[in-house]
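# Summary of structural features
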Amino acid sequence: MKPVEIAKGIYCLPAIDWNIRDFHGYSVYKGSTYNAYLILDEKVTLIDAVKKEFADDLIKGISQIIDPKKIDCVISNHTEMDHSGGLSRVMHRIGEDKPLYCSKMGHKNLSKHFQQKFNYHPVENGGELNIGNRTLSFMETRMLHWPDSMFTYAKEDRILFASDAFGQHYASLERFDDEVGDEIMPHARKYFANILLPYAPLILKLVAKVKEIGLALDLLCPDHGIIWRKDPSKIINAYVEWSEQKPKRKALVIYDTMWHSTEAMAEAIVESLGDEGVDAKPLKLRASHRSDIITEVLDAGAIIIGSPTLNNGLFPTVSDFLTYMKGLKPQNKVAAAFGSYGWSGEAVKLINQELEAAGFKVIDPGVRINYVPDEESLEACRELGKKIAQALPA
Ligand code: FEO
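Reading the values: the criteria
- Residues numbered from 1 in each chain as written.
- Predicted model: local features only at pLDDT ≥ 70, side-chain atom pairs only at ≥ 80, totals over all residues.
- Heavy atoms only, no water.
- Patch = residues over 30% accessible without salt bridge, like charges linked within 9 Å, V, L, I, M, F, W, Y side chains within 5 Å.
- Areas by Shrake-Rupley, 256 points an atom, 1.4 Å probe, with all protein chains shown as cover.
- Salt bridge = Lys/Arg side-chain N within 4 Å of Asp/Glu carboxyl O.
- Lys, Arg positive; Asp, Glu negative; His and termini not counted.
- Charge placed at Lys NZ, Arg CZ, Asp CG, Glu CD.
- Helix = DSSP H or I, 4+ residues; strand = E, 2+ residues; numbered from the N terminus.
- Buried < 20%, exposed > 50% of the residue type's maximum accessible area, 1.4 Å probe, protein only.
- Core = buried A, V, L, I, M, F, W, Y, C linked by side-chain atoms within 4.5 Å.
- Domains from an automatic or database assignment.
- Contact = heavy atoms within 4.5 Å.
- Arc of directions from axis to C-beta.
- Pairing = 2+ DSSP bridges.
- Axes fitted to C-alpha atoms, helices over the stretch in contact; angles between N-to-C directions.

### Regarding a negative patch on the surface
Together, E267, E271, D275 and E276 make up a negatively charged patch on the protein surface. Relative to the helices and strands, E276 is located in the loop between α9 (261-275) and β16 (279-284). On the basis of relative accessible area, E276 is assigned to the partly exposed category, the value being 34%.

### Some points on the nonpolar core
Counting residues in hydrophobic clusters, the biggest one holds 93 residues, and the most contacted among them are F166, I235, I254, I305 and M325. Sorting elements by how many residues they give to this core places helix α6 (residues 184-196) first, with eight residues. Built from parts of two domains, this core gets at least three residues from each of domain 1 (4-244) and domain 2 (251-391). Setting aside chain neighbours within four positions, we find M325 in contact with I294, V297, I303, I305, P330, L355 and F360. With 25 residues, the next largest nonpolar core counts A251, A268, I269 and L273 among its residues.

### Digging into helix α3 (residues 87-94)
Those residues of α3 that fall on the buried side of the exposure criterion are L87, V90, M91 and I94. The buried side chains of α3 occupy one side of the element, clustering within an arc of 100° when seen end-on. Just downstream of α3, G95 is the residue with a positive phi angle, here 125°.

### A closer look at the sheet that holds strand β14 (residues 219-222)
Sheet architecture is open: five strands sit in the order β10-β11-β12-β13-β14, paired in mixed fashion. Single-partner strands in this sheet number two, and they are β10 (128-130) and β14. In this sheet, neighbouring strand axes are inclined to one another by 20° on average, regardless of whether the strands run parallel or antiparallel. The pairing of strand β12 (residues 150-154) with strand β13 (residues 159-163) spans three bridges and is antiparallel. Residue pairing for β13: A154 is matched across the bridge by I159.

Shown next, in the form of structure tokens:
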């Protein structure tokens, strides 16, 4: 680990996970980074403790700056194990009696994750901690990303340590937005779509609150990926846009197929949408990762799901995707279903049930085709495409 001084006396300690490719079901093809931060002041303060596998790496990083035993206190902004997994090892190294500051929910959740009793100091929302020449203030950010999540703001330095918010799963030697450039935005967008989308209404409230109190920011420091230095407002404004989920004239035809019949239907629907001036994409589930599809879902106005009927049910990849999408609660989209079948043909009905349960407005009963679509069947698919196009914004 190579510590990077991000402001005078404040260091980023990045545990770079170059080789991770699956982050609890989310494909992270550029790896990830778990950032901890060290503040040198009268009370030397460590913020967060990275993933367990990188705990020794973190201790080595700290040792390049200061003897770890000189750390006076630790702040845990979030319990999830990619930021707290190394806590036990780190506390053992720096002294298990050192104060550990966290939110009240953090106290509860950390106590459930670790057997040993740390010297917990639960903090209030808006509470402050003076560490010498600096004041750290705490802001509860429940459900961003867990009930225990909070931000820590270094007032004098105008630095916000934002835990999961504003992060990206991205492994690189660069530490700042101005070093990486616009390449980072697709990663930030994918991270938002797959991690924070269910909490979009809370994000809008949080951003409004941050603007209301006029929180000044020189650095916006997430626990994943690069730090926003050049223009922290760029990612904050992007979060507002992504949270609003204003539908575009864009439709995704998400499907899987057994013997290409459902695929032929998907192609007819996409072609028809394209003829109507819709930005339409076919996304076959065994060719596109669910987390990449969800990133596309973010600004789509319509989702059309196709599945063959397999053993009276849905094709497994379609079930997988519907479950994943339902949990992420995308908003403001119309939807429809289609699929081929041999003899029982339940798939379209099952998709409609799932779409309605997930809060989508299903605008058509759907198209079911027996075995192989003929020209008349394909015309029914094209008509579905037209109907979807009419329901989208101009
Ligand atoms: Fe990066 Fe919710 O943990």
